[in-house]
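Examining the three-dimensional arrangement
Take a look at the letters that make up each chain.
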Amino acid sequence: MPEKLGRASVVRHQQLFASPPETTHADLLTSLWNRICTAAWQRADTRTHLADMLHPWAHRRIEDEPRYQSFVSGDGFPAELSVSWRKGVTEVRILFEPVGDTPTARAVQDNGRAMVRALATRAGVSIRGYETIEDLFTSDDPPAYRSGVWLSLACGPEDPPHFKVYLNPYANGAGREWDTVTRAMDRLGLAPAWAPLARSRDTLEAAGTHLDYVALDLAAGTQARAKIYFRHRGTGLHGIHTVGAFARGYDPERATQAAADLYHGPIDNEPMTGLAFRPGRDAPDEANIYFRMPGNAPTDADAATRIITLMDREGAPTDVYRRIAAAIAPAPLHAITGLHELVSYRTRDAGPADIGLYYRLPVHAAPADTPRPGHGWPRVPL
């Protein structure tokens, strides 16, 4: 295994998923989805019909350069795939931005809003909470190269699919994001749990911790969550612990050990923390840490070794992970970098942590000297 790749290799994130000219976004994503589901559950997913859900935006062919530079990924591709383990159960997920045909931030935002409403007809989906706050996160002139209105789908081996919407607190300009989130949490009935964060704004920002985006479960009931994501710039574990301490289930000692498993050096590649809020609580329930692998592990083989160390420590099924990695990787892991993007880590009690892996799909060639959008990598100014 090579000890180190050159800087250009790391920055470029090789074009791993180059496709024939006739391949559509839905073709590629459906193929990868089915391979991951089969690897995870040892049977195909026959319930989701992913291609139908992605209609019509994803049935356009993949071009050499993205028509719209989506903030979902560093090369502008508008989707990422992920898997998670909770109590040994493997969940397969996709996050995407419905970009449509018109390559403007306003059109993409409006496509996302329309798709949320299209999901409202599905069993188990409720958009009531989303409709309560939608106006706060949309704009007549939203900023380009930031999140618009994203959707995610998650599916376990037995449970029906469930959905989430991601919203941009910067939709109406930087400097308003904290007020936007505070108003949203008040409308959602989550103000008591959010208030300690709001009071700590100046302290958090001075320490390099910034609001990133907001997510909302498209479901009814007391288990439906709002999640607020923070990005840590140059604060390492201190920033992670500071935000995590607001949540009931956060364990700083276990988080420190997880970081040691995944990082063999300073934590300076902008990890994130997501706090989960539920109705009727006076504090966030959980803190989900998102450790970043690019700029950290020199190859995906090295990333895999570190991930397996963490999974072994927490009793997660490494055999399932190995099958998934083999199913999704377009080349031997020692020869590529940039496929493993994020590792999420969440403690709830003394039991095993929940672990998630996020796979970036470098479809387009990203020049090393050109800054690209991406909610994960490389850095994009707020």
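Please refer to the structure placed before this passage.
To keep things clear, this report deals only with the structure shown in the data block.

Quick word on the nonpolar core
- Grouped together as the largest cluster of nonpolar side chains are 106 residues, with contacts concentrated most on Trp 194, Leu 218 and Tyr 321.
- Leu 218 has contacts with Val 116, Leu 119, Gly 124, Val 125, Ser 126, Ile 127, Tyr 130, Leu 151, Phe 163, Lys 164 and Val 165, leaving out every residue within four places of it along the chain.
- The next biggest cluster of nonpolar side chains, apart from the first, holds 12 residues, and it includes Phe 71, Tyr 166, Tyr 229 and Tyr 358.

Brief notes about the sheet that holds strand β4 (residues 162-167)
- Judged by pairing direction, the barrel is antiparallel, and its 10 strands sit side by side in the order β1-β2-β3-β4-β5-β6-β7-β8-β9-β10 before closing back on the first. Put simply, the sheet's adjacent strands are angled 20° from each other on average, direction ignored.
- Docked against the sheet, helix α9 (residues 236-244) engages β5 (209-217), β6 (226-232), β7 (272-277) and β8 (286-292), running at close to 155° with respect to β6.

Some remarks on the pattern of salt bridges
- Scanning the model with the defined rule gives 33 salt bridges in all.
- A salt bridge links Asp 217 to Arg 225; its shortest N-O distance comes to 3.0 Å.
- Residue Arg 346 pairs with Asp 354 through a salt bridge whose shortest N-O separation is 3.0 Å. For the pair shown, Arg 346 and Asp 354 are each scored as buried.
- Several salt bridges share partner residues, and in doing so they unite Arg 248, Arg 278, Arg 281, Asp 282, Asp 285, Glu 286, Arg 346, Arg 348 and Asp 354 into one network.

Description of the pairing of strand β10 (residues 354-359)
- Here β10 lies mainly inside the structure; six of its six residues are buried.
- Here strand β1 (residues 79-86) pairs with β10 via five bridges, running antiparallel. Bridge pairing links Leu 81 to Tyr 359 in β10.
- Pairing between strand β9 (residues 340-346) and β10: six bridges, direction antiparallel. Along β10, the bridge assignment pairs Arg 346 with Asp 354.

Observations regarding the side chain of Arg 292
- Positionally, Arg 292 belongs in strand β8.
- Looking at Arg 292, its side chain comes within polar contact range of the main-chain oxygen of Glu 270, at 2.5 Å.

Remarks on helix α6 (residues 177-187)
- Every buried residue of α6 is accounted for by Glu 177, Trp 178, Thr 180, Val 181, Ala 184 and Met 185. End-on view of α6: buried residues confined to an arc of 160°, all on one side of the axis.
- Considering only its buried residues, α6 is in contact with α5 (128-133), α7 (191-199), α8 (201-206), β5, β6 and β7.
- Just past α6, the residue Gly 189 takes up positive phi, approximately 75°.

Concerning the pairing of strand β3 (residues 149-155)
- With seven of seven residues buried, β3 is to be regarded as a mostly interior element.
- Because side chains alternate across β3, one face comprises the buried residues Val 149, Leu 151, Leu 153 and Cys 155, and the other comprises Trp 150, Ser 152 and Ala 154, equally buried.
- Of the strand pairs in this sheet, strand β2 (residues 89-96) and β3 are connected by five bridges, and their pairing is antiparallel. The residue of β3 that forms the bridge with Ile 94 is Leu 153.
- Relative to β4, β3 runs antiparallel, the two being bridged by six bridges. The residue of β4 that forms the bridge with Leu 151 is Val 165.

As for the environment of Thr 273
- Tracing the sequence through the fold places Thr 273 in strand β7.
- Distance in space between the C-alpha atoms of Thr 273 and Thr 180 is 19 Å, their sequence separation being 93 residues.
- Ignoring anything within four residues of it in the chain, the contact list for Thr 273 reads Ile 228, Tyr 229, Phe 230, His 232, Ile 240, Val 243, Ala 287, Asn 288, Ile 289 and Tyr 290.

Quick word on unusual backbone geometry
- In this chain, His 55 is followed by Pro 56 through a cis amide linkage whose omega measures 0°.
- When you line up the elements, Pro 56 lands in the loop between α3 (50-53) and β1.
- If you check the backbone angles, Gln 42 has positive phi at about 60° while not being a glycine.
- Relative to the elements of secondary structure, Gln 42 occurs in the loop between α2 (25-41) and α3.

Conventions we followed
- Residues numbered from 1 in each chain as written.
- Predicted model: local features only at pLDDT ≥ 70, side-chain atom pairs only at ≥ 80, totals over all residues.
- Heavy atoms only, no water.
- Core = buried A, V, L, I, M, F, W, Y, C linked by side-chain atoms within 4.5 Å.
- Buried < 20%, exposed > 50% of the residue type's maximum accessible area, 1.4 Å probe, protein only.
- Contact = heavy atoms within 4.5 Å.
- Pairing = 2+ DSSP bridges.
- Helix = DSSP H or I, 4+ residues; strand = E, 2+ residues; numbered from the N terminus.
- Axes fitted to C-alpha atoms, helices over the stretch in contact; angles between N-to-C directions.
- Salt bridge = Lys/Arg side-chain N within 4 Å of Asp/Glu carboxyl O.
- Polar contact = N/O pair within 3.5 Å; in protein donor to acceptor, adjacent residues only side chain to side chain.
- Arc of directions from axis to C-beta.

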